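So you can see what is in the structure, the chains are spelled out below.
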Amino acid sequence: MIAFREEKDDNTSPDAGDIYVHYMRYALQQAEQARQENEVPIGAVIVKDSRIIAAAHNQREQLKDPTAHAEMIAITQAAGSLGSWRLDDCTLYVTLEPCPMCAGAIIMSRIPVVVYGADDPKAGSVRSLYRLLEDPRLNHRCVVVNGVLATECGAILSQFFQAQRALGKK
Ligand code: ZN
């Protein structure tokens, strides 16, 4: 984060791609936390002014709540932290492409930038099945950055499901 704030007059300062990777690693840490809690390993963080104001992971099983996706919990945390439902100037990082519910919450909270890792061909509503965050018919649109640490973000999920299947066979 310090490097991000450094002012440099040459062109060696970290570019946007480095910043995306930097924060996606925190989202991956959250996914790892979910895995340790035997939850589907998806993590999210929300960043404002180079500061992480929310960090959450999927807790659907523990909370017995179908809406307890990483993004939903992070959005609620961030709104609490800012004291506002509007998450202006925030960037959401999430390891997996958001589903329709989370894409809806992103629109409702007016998050301007969404960075995600792996594509979700089964439920992804940002690029894969729908492009909800870029639909001109809606009153809010986001800048979308996809594929950041996609391999790592996808691997933790596929390893989790492989382990689940192996357990099921016992
Ligand atoms: Zn979701």
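What comes next is a walk through the structure.

Conventions and cut-offs
- Residues numbered from 1 in each chain as written.
- Predicted model: local features only at pLDDT ≥ 70, side-chain atom pairs only at ≥ 80, totals over all residues.
- Pairing = 2+ DSSP bridges.
- Helix = DSSP H or I, 4+ residues; strand = E, 2+ residues; numbered from the N terminus.
- Axes fitted to C-alpha atoms, helices over the stretch in contact; angles between N-to-C directions.
- Contact = placed C-beta atoms within 7 Å.
- Core = buried A, V, L, I, M, F, W, Y, C linked by C-beta atoms within 7 Å.
- Buried ≥ 20, exposed ≤ 12 C-beta atoms within 10 Å, placed from the backbone.
- Right-handed = clockwise from strand over helix to strand, strands pointing away.

### As for the sheet that holds strand β5 (residues 143-145)
Part 1: Here five strands make up an open sheet; going across it, the order is β2-β1-β3-β4-β5 and the pairing mixed. Since the sheet does not close on itself, it has two edges, and those belong to β2 (51-57) and β5, each with one partner. With strand direction ignored, the average angle separating the axes of adjacent strands in the sheet is 15 degrees.
Part 2: In terms of strand pairing, strand β4 (residues 113-118) meets β5 through three bridges, oriented parallel. From the neighbouring strand, Val 115 faces β5, where its bridge partner is Val 145.
Part 3: The strands touched by helix α2 (residues 16-36) are β1 (43-48), β2, β3 (90-96), β4 and β5; relative to β1, the strand with the most contacts, the crossing angle is about 140 degrees.

### Re the nonpolar core
Part 1: Counting residues in hydrophobic clusters, the biggest one holds 46 residues, and the most contacted among them are Val 45, Ala 74, Leu 92 and Tyr 93.
Part 2: Tallying contributions element by element places α2 first for this core, with seven residues.
Part 3: Those residues in contact with Ala 74 that lie beyond four places of it in its chain are Ala 44, Val 45, Ile 46, Ala 54, Ala 55, Ala 56 and Leu 92.

### Looking at the environment of Met 101
Part 1: Here Met 101 shows up in helix α5 (residues 100-108).
Part 2: Exposure remark for Met 101: the 15 C-beta atoms within 10 Å place this residue in the partly exposed category.
Part 3: Between the alpha carbons of Met 101 and Met 72 there is a distance of 8.5 Å; along the sequence they are 29 residues apart.
Part 4: The contact partners of Met 101, leaving out residues within four places of it in the chain, are Thr 67 and His 69.

### Looking at the pairing of β3
Part 1: Taken across its seven residues, β3 has seven buried, putting it largely inside the fold.
Part 2: Bridging between β1 and β3 involves five bridges; their strand directions are antiparallel. Directly across from Val 47, in β3, lies its bridge partner Thr 91.
Part 3: Of the strand pairs in this sheet, β3 and β4 are connected by five bridges, and their pairing is parallel. Across the sheet, the residue bridging to Thr 91 is Val 113, located in β4.
Part 4: Regarding topology, α5 serves as the crossover connection from β3 to the parallel β4, and that connection is right-handed.

Read these as layout, nothing more, since geometry by itself doesn't imply function.
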